[in-house]
Amino acid sequence: MTDIQSATPAPLPAPKLGRWANANELPVIDFAPLGRANEEAKERLAREVHDACRDVGFLTIVNHPVPPEKIREIFRQSKRFFALPLEAKMKAYMGNSNLFRGYLPMDQPGKQNAYRGAAIEGFQPHLDPSRMKARKPHKNEAFQVSIELPDDDPDVVSGKPLHGGNLWPDDLPGFRDAVLDYHATMTDFAALLASVFARGLDLPDGYFAQYYKKPLIQVRLLHYLPQDTQAALEGGDSRAHQDAGGFTMLQQDDVGGLEIKSKSGEWLIVPPVENSFIVNIGDSMRMWTNNRFASTLHRVVNHYGRERYSVGVFANPDYDTVIRPLPTCVDAEHPPTFDSMKAGEALLYLYSRVWPSKGEPDKVSSY
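How each quantity is defined
Residues numbered from 1 in each chain as written. Predicted model: local features only at pLDDT ≥ 70, side-chain atom pairs only at ≥ 80, totals over all residues. Heavy atoms only, no water. Axes fitted to C-alpha atoms, helices over the stretch in contact; angles between N-to-C directions. Helix = DSSP H or I, 4+ residues; strand = E, 2+ residues; numbered from the N terminus. Parallel < 35°, antiparallel > 145°, perpendicular 65-115°, else oblique. Left-handed = near helix turned anticlockwise from the far one by under 90°. Contact = heavy atoms within 4.5 Å. Nonpolar A, V, L, I, M, F, W, Y, C, P; charged D, E, K, R; others polar. Core = buried A, V, L, I, M, F, W, Y, C linked by side-chain atoms within 4.5 Å. Buried < 20%, exposed > 50% of the residue type's maximum accessible area, 1.4 Å probe, protein only. Pairing = 2+ DSSP bridges. Salt bridge = Lys/Arg side-chain N within 4 Å of Asp/Glu carboxyl O. Phe/Tyr/Trp six-rings, centres within 6.5 Å; stacked < 30°, edge-to-face > 60°. Lys NZ or Arg CZ within 6 Å of the ring centre and 35° of its normal. Polar contact = N/O pair within 3.5 Å; in protein donor to acceptor, adjacent residues only side chain to side chain. pLDDT = per-residue confidence, 0-100.

**Q** What is the right way to read the packing of helix H2 (residues 68-82) against helix H5 (residues 175-200) from this model?
**A** The description of two packed helices rests on the angle between their axes and on the distance between the axes. Following both chains from N to C, one finds H2 and H5 inclined at 140°, their axes separated by 10 Å at the closest point. Classed by the angle they form, the pair H2 and H5 counts as oblique. The handedness of the crossing between H2 and H5 is left-handed. Facing H2, whose interface residues are Lys-70, Glu-73, Ile-74, Gln-77, Arg-80 and Phe-81, H5 presents Phe-175, Ala-178, Val-179, Asp-181, Tyr-182 and Thr-185. Residue classes in the contact of H2 with H5 are distributed as six nonpolar, two polar and four charged.

If you want it as structure tokens, here you go:
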């Protein structure tokens with residue numbers, strides 16, 4: 001485990017709007033017991049995580065196994081990349097491939113003629129045309145990678161959607177290695193976190209490992225420019241969303257700006273806690289747990305007068321994973337809410353609607 005991390009955020013200026021979430025609204029959970037032999041403490045931890053995922057869908061984790069120096073390094077590399085001229089960043093433009101990797105400039109959505117994938121009722125409800133709000137300008141850019149696969153990988157050769165290599169900028173020494181190292185570190189942390197979820201759901205600790213053998217885990221570097229209050233609110237509100245995959249592990253800098261929507265409909269600001277991870281449940285895990293775990297609407301509103309950096313890790317399962325309600329989440333009072341969902345096709349459904357791509361048909365598909 002890393003050095004002890006404070007569960008209390010440093011003093012922050014009062015937000016111009018809204019209010020900070022308190023400990024009841026956003027639980028702070030200490031993962032230190034996972035490094036010890038006390039099974040009773042591990043069981044209590046798993047129950048705490050379970051209850052936070054059920055009641056809120058968000059939690060803050062401290063004393064996790066990710067070294068602080070790796071967190072500092074990924075933020076350093078992120079700032080290096082976003083400081084490049086636009087022309088240099090565009091050499092890794094996401095729209096040059098079908099894999100939804102690389103650089104995403106500000107305000108570049110997906111195009112209808114490139115829509116792909118398939119989902120089922122209840123997945124990504126904020127994408128329902130009857131619920132979608134007009135997208136307002138949002139001053140953020142992103143760079144993302146997923147599992148790095150060589151050209152001779154069988155899934156790459158066959159043309160399986162979302163499988164391949166990443167796009168990288170030219171002339172940025174050390175960037176590729178650092179980002180892939182962070183991806184590997186966070187893949188390990190995702191496996192640990194999934195084992196905690198499993199224990200809390202009365203499943204064997206390694207239950208989810210069968211679905212994370214070749215996972216489509218993404219690392220996304222994000223850079224937000226400050227906006228005036230009205231523009232920031234409109235931009236954030238029009239992009240309020242629920243994540244699509246299993247779960248998300250987020251690092252945000254001390255600017256803050258992440259807001260979650262409470263069950264009462266109030267927007268709550270998530271306090272930054274140094275060296276912590278904000279973890280939230282995605283729609284895939286919500287459906288896996290038969291709607292026991294909450295996939296909570298959230299947004300970013302940066303009206304604090306400073307640039308904001310964050311790093312999101314999206315723990316998506318293998319492309320071929322078939323998600324069905326977990327047996328421990330189904331009983332007479334909680335019948336199955338759906339039959340099954342193909343994880344990879346559900347991700348394609350989302351990605352192609354929100355991000356640019358070449359939009360060419362995949363060699364192998366079933367949608």
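**Q** Honestly, the nonpolar core in this entry has me stumped. Any pointers?
**A** The nonpolar side chains of a soluble globular protein tend to be buried with one another. Of all hydrophobic cores here, the largest spans 96 residues; its most connected members are Phe-143, Phe-197, Phe-208, Phe-247 and Met-249. Sort the elements by how many residues they give to this core and H5 lands first, with 11 residues. With near-sequence residues (within four places) excluded, Met-249 lies in contact with Met-186, Phe-189, Ala-190, Leu-193, Phe-277, Ile-278, Val-279, Val-311, Gly-312, Val-313 and Ala-315.

**Q** Help me understand the sheet that holds strand E8 (residues 258-261) in this model?
**A** Within a sheet, neighbouring strands are paired by backbone hydrogen bonds and run either parallel or antiparallel to one another. Spatially, the four strands line up as an open sheet ordered E1-E9-E8-E11, and their pairing is mixed. A strand with exactly one partner marks an edge of an open sheet, and here the two such strands are strand E1 (19-20) and strand E11 (298-300). Where E1 lies against strand E9 (residues 267-269), two bridges are found, and the strand directions are parallel. Paired with Arg-19 across the two strands is Leu-268, which belongs to E9. With respect to the sheet, helix H6 (residues 229-238) is in contact with E9 and E11, its orientation differing from that of E11 by roughly 145°.

**Q** Where do I start with the pairing of strand E10 (residues 277-281) in this structure?
**A** Consecutive side chains along a regular strand alternate between the two faces of the sheet. Along E10, five of the five residues are buried, which leaves the element largely enclosed by surrounding structure. A two-sided burial pattern is seen for E10, the buried positions comprising Phe-277, Val-279 and Ile-281 on one face and Ile-278 and Asn-280 on the other. Pairing geometry for strand E3 (residues 58-62) and E10, over four bridges, is antiparallel. Pairing of Leu-59 across the sheet is with Val-279, part of E10.

**Q** For this particular structure, what's the right way to read the packing of helix H1 (residues 39-55) against H5?
**A** Where H1 contacts H5, the two axes come as close as 8 Å, and the packing angle between them is 90°. It follows from the interaxial angle that H1 and H5 lie roughly perpendicular. Across the interface between the two elements, Glu-39, Lys-42, Glu-43, Ala-46, Arg-47, Val-49, His-50 and Cys-53 of H1 pack against Val-196, Phe-197, Arg-199 and Gly-200 of H5.

**Q** Explain the pattern of salt bridges here, please?
**A** Where side chains of opposite charge bring their charged atoms close, a pairing between them can arise. For the coordinates displayed, the defined rule picks out 24 salt bridges. Residue Arg-19 is joined to Glu-25 by a salt bridge in which the shortest nitrogen-to-oxygen separation is 2.6 Å. Take Arg-19: its relative accessible area is 29%, and that puts it in the partly exposed class. The shortest N-O distance in the salt bridge between Asp-320 and Lys-160 comes to 2.5 Å. One end of the pair, Asp-320, is in the loop between strand E12 (308-315) and strand E13 (322-323); the other, Lys-160, is in the loop between helix H4 (154-158) and H5, and 160 residues separate them in sequence. According to the relative accessible area criterion, Asp-320 is exposed, its value standing at 55%. Connected through salt bridges with shared partners, the residues Glu-39, Lys-42, Glu-43, Arg-199 and Asp-205 form a single ionic network.

**Q** Whenever I open this one, the packing of aromatic side chains confuses me. Can you help?
**A** The geometry of an aromatic ring pair is captured by the separation of the ring centres together with the interplanar angle, meaning the angle of the planes. This model, assessed by the stated rule, comprises 17 aromatic pairs. With centroids separated by 5.1 Å and ring planes inclined at 65°, the aromatic side chains of Phe-208 and Trp-288 adopt a geometry described as edge-to-face. On the criterion of sequence distance, the pair formed by Phe-208 in the loop between H5 and strand E6 (218-224) and Trp-288 in helix H7 (residues 283-288) is long-range, its members being 80 residues apart. For the residue pair Phe-208 and Trp-288, the accessibility class agrees, reading buried in each case. Chaining the aromatic ring pairs together yields one cluster made of Phe-81, Phe-82, Tyr-103, Phe-143, Trp-168 and Phe-175. Just above the ring of Phe-314 sits the side chain of Arg-220; from NZ or CZ to the centre is 4.1 Å.

**Q** What's the story with the pairing of E6 in this structure? I'm lost.
**A** Of all seven residues making up E6, seven are buried, and the element is well covered by its neighbours. Of the two faces of E6, the one lined by Gln-218, Arg-220, Leu-222 and Tyr-224 and the one lined by Val-219, Leu-221 and His-223 are each fully buried. Here strand E5 (residues 140-145) pairs with E6 via six bridges, running antiparallel. Directly across from Glu-141, in E6, lies its bridge partner His-223. Bridge count for E6 against E12 is seven bridges, and the pairing is antiparallel. Bridged to Val-219 within E12 is Val-313.

**Q** What is the right way to look at the environment of Tyr-103 in this model?
**A** With respect to the element layout, Tyr-103 can be found in strand E4 (residues 102-104). Along the backbone, Tyr-103 and Pro-169 are 66 residues apart, and their C-alpha atoms lie at a distance of 8.8 Å. A distance of 2.5 Å separates a polar atom in the side chain of Tyr-103 from a polar atom in the side chain of Glu-141.

**Q** Would you explain the confidence of the model for the protein chain in this entry?
**A** As a general rule, the predicted coordinates of low-pLDDT regions are not to be interpreted in detail. Confidence in the prediction for the protein chain averages 91 pLDDT; 94% of positions are at 70 or higher. Under a pLDDT of 50 for its full length, residues 1-12 has, in the predicted model, 30 contacts with residues more than four places off or in other chains.

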